[in-house]
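# Structural description and commentary
Residues per chain, in single letters:
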Amino acid sequence: MALNLIMLGPPGAGKGTQAERFAKSKGIPTISTGDILREAVHTGTELGKRAKAIMERGELVSDEIVIGIVRERLDRDDVRAGFILDGFPRTVPQAKALDGIMAGRDPLIVLNIDVADDVLVRRLTTRLICQKCGTNAAVEDAAAGTGSRCGKCGGPMVARADDNATVVIERLKTYLRDTKPLVDFYGARPTYRSIDGAQAPDTVTADLEAAVAALSKAATSGARA
Ligand code: AMP
């Protein structure tokens, strides 16, 4: 069975870090709509020009644009054994579109990383990303501070443009209004699990591993029933 995963959760919950770890251990690609959009902004494509100001305000890029990105990405051969979506879906219409894209494929496993608001604000206003390849610093790397180098490509680590306090508050508001309803959208599915994201990153990874093992078992027997 293909391992088709979604990482849900507020900004700063650790979705990117956990998705990267998981992707590496399972040999499947991570698809981060935020990374794809930041790359487009960085290289100045038409998409990047449309997305830049929206992202800087902490608002959401239109459903139509991100659904198009994900539809095209999930059409590629490298997702046959599975994928991890990080930062998508972020609205109910995106989740409904994803259900359409997934028709006839193995079921989605939905992992929600849950973290309290005050912890998120602290994490977001102190985290760093690589200016060159856009990789999020793992929480433990971020402690090294600005001026440190990316573990992946050696680029300089800097604060993300949308990680200043004002935009962080806006992004959390956007999350509560548009994305949190996805917990209800997916919550009743047998392939949904919520994990305590306030724990140490290694503990969160272990919890996620255990949840995925249990849920893929449930999904396999569900598919057979
Ligand atoms: P992220 O790196 O996931 O925090 O995303 C950074 C920014 O990219 C968000 O604040 C949005 O402006 C935009 N973005 C990323 N994913 C989506 C999505 N699924 N829907 C709409 N906007 C998105």
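The rules behind the values
Residues numbered from 1 in each chain as written. Predicted model: local features only at pLDDT ≥ 70, side-chain atom pairs only at ≥ 80, totals over all residues. Heavy atoms only, no water. Helix = DSSP H or I, 4+ residues; strand = E, 2+ residues; numbered from the N terminus. Buried < 20%, exposed > 50% of the residue type's maximum accessible area, 1.4 Å probe, protein only. Polar contact = N/O pair within 3.5 Å; in protein donor to acceptor, adjacent residues only side chain to side chain. Core = buried A, V, L, I, M, F, W, Y, C linked by side-chain atoms within 4.5 Å. Contact = heavy atoms within 4.5 Å. Pairing = 2+ DSSP bridges. Axes fitted to C-alpha atoms, helices over the stretch in contact; angles between N-to-C directions. Phe/Tyr/Trp six-rings, centres within 6.5 Å; stacked < 30°, edge-to-face > 60°. pLDDT = per-residue confidence, 0-100. Near = heavy atom within 4 Å. Nonpolar A, V, L, I, M, F, W, Y, C, P; charged D, E, K, R; others polar.

## Structural notes on the side chain of Ser32
Along the chain, Ser32 turns up in strand S2 (residues 30-32). The exposure class assigned to Ser32 is buried, which follows from its relative accessible area of 8%. At 2.9 Å, the side chain of Ser32 forms a polar contact with the backbone nitrogen of Asp35.

## Considerations on the nonpolar core
Nonpolar side chains in soluble globular proteins tend to be buried together. With 27 residues, the main nonpolar core has Leu74, Phe83, Leu98, Leu108 and Tyr186 as its most contacted residues. Elements that contribute at least two residues to this core include exactly strand S1 (3-8), helix H3 (46-57), helix H4 (63-73), strand S3 (82-86), helix H5 (92-101), strand S4 (108-114) and helix H9 (181-187). If we skip the residues at most four places from it in the chain, Leu98 touches Ile6, Leu74, Leu85, Phe88, Pro89, Leu108 and Tyr186.

## As for the sheet that holds S4
Judged by pairing direction, the sheet is parallel, and its five strands sit side by side in the order S2-S3-S1-S4-S7 without closing on themselves. Two strands lie at the open edges of the sheet, namely S2 and strand S7 (192-196), each paired on one side alone. Along the sheet, successive strands turn relative to each other by an average axial angle of 20°, direction set aside. Judged from the three bridges that link them, S2 and S3 form a sheet pairing that is parallel. Each residue of the ladder has a partner; that of Ile31, found in S3, is Leu85. Across the sheet, helix H2 (residues 33-43) is in contact with S2 and S3; its angle to S2 comes to roughly 60°.

## Remarks on the packing of aromatic side chains
Within the structure shown, the criterion is met by one aromatic pair. Seen from their ring centres, Phe185 and Tyr186 are 5.0 Å apart, and the 90° between their planes marks the pair as edge-to-face. The exposure class of Phe185 is partly exposed, given its relative accessible area of 24%. On the accessibility criterion, Tyr186 (0% relative accessible area) is buried.

## Some details on the confidence of the model for the chain
When pLDDT is averaged along the chain, the result is 90; 93% of the residues meet or exceed 70. Mean pLDDT values for the elements of the chain range from 45 in helix H7 (residues 139-142) up to 98 in H5.

## A word on the site of the ligand
Surveying the vicinity of the ligand reveals 15 residues, the closest of which are Thr33, Arg38, Glu59, Gly87 and Gln94. Measuring from a nitrogen atom of the ligand, one finds a side-chain N or O atom of Thr33 at 2.8 Å. The contact in question runs from an oxygen atom of the ligand to an N or O atom on the backbone of Glu59, over 2.5 Å. Counting residues per element, the shell around the ligand draws most heavily on H2, at four residues. Across the shell around the ligand, the residue classes break down as six nonpolar, four polar and five charged.

## Side note on the pairing of S1
Among the six residues in S1, six count as buried, and that is most of the element. By the alternation rule, side chains of S1 split into Leu3, Leu5 and Met7 and Asn4, Ile6 and Leu8, which are all buried. Two strands pair when backbone bridges link them, and S1 and S3 are joined in this way by five bridges, in the parallel orientation. Across the sheet, the residue bridging to Asn4 is Phe83, located in S3. Taken together, the five bridges between S1 and S4 define a ladder with parallel strand orientation.

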